[in-house]
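# Structural overview for review
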Amino acid sequence: MSTDLTLKHLVKEADNIGSRQPKAGKDTGKGSFAAKLKSSHICSGKNFFSAAMQSIADRLARQSSKDDTMKQGVGVPISRLITQSEAAAIQFAQAKTGKYTAIDGPGASGKSTTAKLLAKKLGFGYIDSGAMFRAVTLKCQQQHVDVHDQEQVARIAKSVKIAFPLLGQVELDGHDVSELIRTSNITRNISPVASNVQVREILADQQRAMAKGDIPGACSTGFEREGKHIQGIVMDGRDIGTVILPDAELKVFIVADVRVRAQRRFDELKQRQGEGLKETLEQVEKDLEARDLADRTRKVAPLSQAKDAIVLDTSHLTIEEQVNKIEQMVYKRL
């Protein structure tokens, strides 16, 4: 078949489709590329371009078996092979990722839930940096590696593949570990991993590359505002605004009373583990205080508020209120 599906040709055709809006191939239905984009803001192991290419390739495979022109090797116009949303995906892939929103704060302050819901609301990509450290901690336990053995832990951090296939979902070497990384056992053992200089450097490079779109990671569909299409990334952690994305357009530092945070974490664990939960509320609070101390006093990238960050106390706010407040900040800053 003579059809040229190189990046150059696809981008050119994407531009043509965007300008003339022809009657391209059908782009509806549960399994369509458009439907897939609507259901997820994160592409696992794929950026928008490769996802579009795969979608086109799948259609070609189905069509070639019944299309006489393809069987005869006759060139087929690319406009017949590409849908509107695939064209948009290709255009997105060629553009810069967009604006950065950095959300930092101590454990159980609500930053991860807020960041995830904010990203979903805005159509921004979401990168959960804390989940990456948790995933490395889990891998250490699975391979019976002492989390205090810095060289071995760094080796694991460099070898594992961490992905976010769906909003809020975490994959470790192809396996869904979204629930496993949130247990109390991981929380108690994560500090040596998070303070490991080599691990922080390895994961920091990956996080920046994901944010920039240099490696597969978060994909931003963005939103329309005042005639402009705005794309972006929301990343949360403990040093995003100070170390990972110091040039972020918006930095938010979330705080909350330790007792409030302990209750939140306890409720979360109870929901996940049910009657199997062994920790008491008091134990959860002690664990949080210990983690806070470790985070604030570690030599590398300690938990700290960026000078230009906006402080948001969530002690008496619902998750919805937190999301709405930061959403308004995004509109003002971006």
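As shown above, the structure is provided for reference.
About the criteria used
Counting starts from 1 at the beginning of each chain's written sequence and moves along it residue by residue. At least 70 in pLDDT is required for a residue's local features to be given in this predicted model, at least 80 for side-chain atom pairs to be given and counted, and no such filter applies to totals for whole chains, interfaces and linings, which use all residues. The side-chain quantities take in all heavy atoms of the structure and omit both hydrogens and water. Only DSSP runs of H or I covering at least 4 residues are called helices, and only runs of E covering at least 2 are called strands; the numbering of each starts at the N terminus. The buried label applies to any residue whose accessible area, calculated with a 1.4 Å probe on protein chains only, is under 20% of its type's maximum; exposed applies above 50%, and partly exposed to all values in between. When checking whether two residues touch, look at their non-hydrogen atoms; a contact exists if any pair is within 4.5 Å. The accessible surface values rely on the Shrake-Rupley method and a 1.4 Å probe; as for residues, cover is taken only from the protein chains in view. Two strands pair if DSSP finds at least two bridges between them. We define a nonpolar core as any set of buried Ala, Val, Leu, Ile, Met, Phe, Trp, Tyr and Cys residues linked to one another through side-chain atoms lying within 4.5 Å. The start and end points of each domain follow an automatic or database-based domain assignment. Between the first and last residue of a helix there are one fewer steps than residues, each counted as 1.5 Å, and that sum is the expected span. By arc we mean the arc of the directions from the helix axis to the C-beta atoms, nothing more. Here a polar contact means two N or O atoms within 3.5 Å. Within protein one must be a hydrogen donor candidate and the other an acceptor candidate, and residues neighboring in sequence count only if both atoms are side-chain atoms. Definition used for salt bridges: Asp or Glu carboxyl oxygen within 4 Å of a side-chain nitrogen of Lys or Arg. Helix axes are fitted only over the stretch in contact, all axes being lines through C-alpha atoms; the angle between N-to-C directions runs from 0 to 180 degrees.

## Digging into the overall build of the chain
Within the chain one finds 14 helices and ten strands. Sorting the 334 residues of the chain into buried and exposed places 49% on the buried side. For the chain, long-range pairs separated by at least 24 residues make up 77% of all intrachain contacts whose partners lie at least 6 apart in sequence. A total accessible area of about 16800 Å² is found for the chain, and carbon and sulfur atoms account for 50% of it.

## Re the pairing of strand β9 (residues 250–255)
For β9, the buried fraction is high: five of the six residues fall into the buried class. Note that strand β1 (residues 99–104) and β9 share four bridges and pair parallel. Note that in β9 the partner of alanine 102 across the bridge is lysine 251.

## Overview of the nonpolar core
If you look at the biggest cluster of nonpolar residues, it comprises 39 residues, and the most contacted ones within it are Val136, Ile162, Val199 and Leu245. Breaking this core down by element, the ones donating at least two residues are β1, α7 (129–142), α8 (150–159), α9 (184–194), α10 (197–212), β8 (232–237) and α11 (240–244). Looking at which element gives the most residues to this core, the answer is α7, with seven residues. Inspection of this core shows a minimum of three residues originating in each of domain 1 (103–109 + 237–333) and domain 2 (125–219). Look past the residues within four positions of valine 199 in its chain and what remains in contact with it is Phe133, Val153, Ala154, Ala157 and Val193. Residues Ile103, Ile230, Leu250 and Leu312 belong to the second largest nonpolar core, which totals 18 residues.

## Notes on helix α14 (residues 319–333)
Along its 15 residues, α14 runs 21 Å from first to last C-alpha, staying within 8% of the 21 Å computed at 1.5 Å per residue. Those residues of α14 that sit buried are Gln322, Val323, Ile326, Glu327, Met329 and Val330. One face of α14 carries all of its buried residues, which in axial projection span an arc of 160°. Of the exposed residues in α14, those oriented more than 90 degrees away from the buried face are Glu320 and Lys332. Elements that come into contact with the buried residues of α14 comprise β1, α6 (111–122), β9, α12 (258–273) and β10 (310–313).

## Details of the environment of arginine 188
In this structure, arginine 188 sits in helix α9. A relative accessible area of 41% means that arginine 188 is categorised as partly exposed. For the pair arginine 188 and arginine 291, spaced 103 residues apart in sequence, the C-alpha separation works out to 8.1 Å. Once you skip the residues sitting within four places of it in the chain, arginine 188 turns out to touch Glu279, Gln283 and Asp287. Among the polar contacts made by the side chain of arginine 188, one reaches the side chain of aspartate 287 at a distance of 3.4 Å.

## Side note on the pattern of salt bridges
Under the counting rule described, the total for this entry stands at 15 salt bridges. The salt bridge involving arginine 238 is made with aspartate 295; its shortest N-O contact spans 2.5 Å. Taken together, the positions of arginine 238 in the loop between β8 and α11 and aspartate 295 in helix α13 (residues 281–297) put the pair 57 residues apart, joining distant regions of the chain. Residues arginine 238 and aspartate 295 agree in their burial class; the two are buried.

## Some details on the pairing of strand β2 (residues 125–128)
Neither face of β2 is exposed, since Gly125 and Ile127 on one face and Tyr126 and Asp128 on the opposite face are all buried. Looking at chain direction, β2 and β8 are connected through four bridges and run parallel. In the strand pairing of β8, tyrosine 126 is matched with valine 234.

## Remarks on the sheet that holds β8
Read from one edge to the other, the open sheet built from five strands follows the order β2-β8-β1-β9-β10, with strand pairing classed as parallel. The open sheet has two free edges, formed respectively by β2 and β10, since each of these has just one partner strand. Between one strand axis and the next, the sheet turns through 20° on average, direction left out of account. Two elements, β9 and β10, share four bridges in a ladder whose sense is parallel.

Any link to function would need more than the numbers given here.
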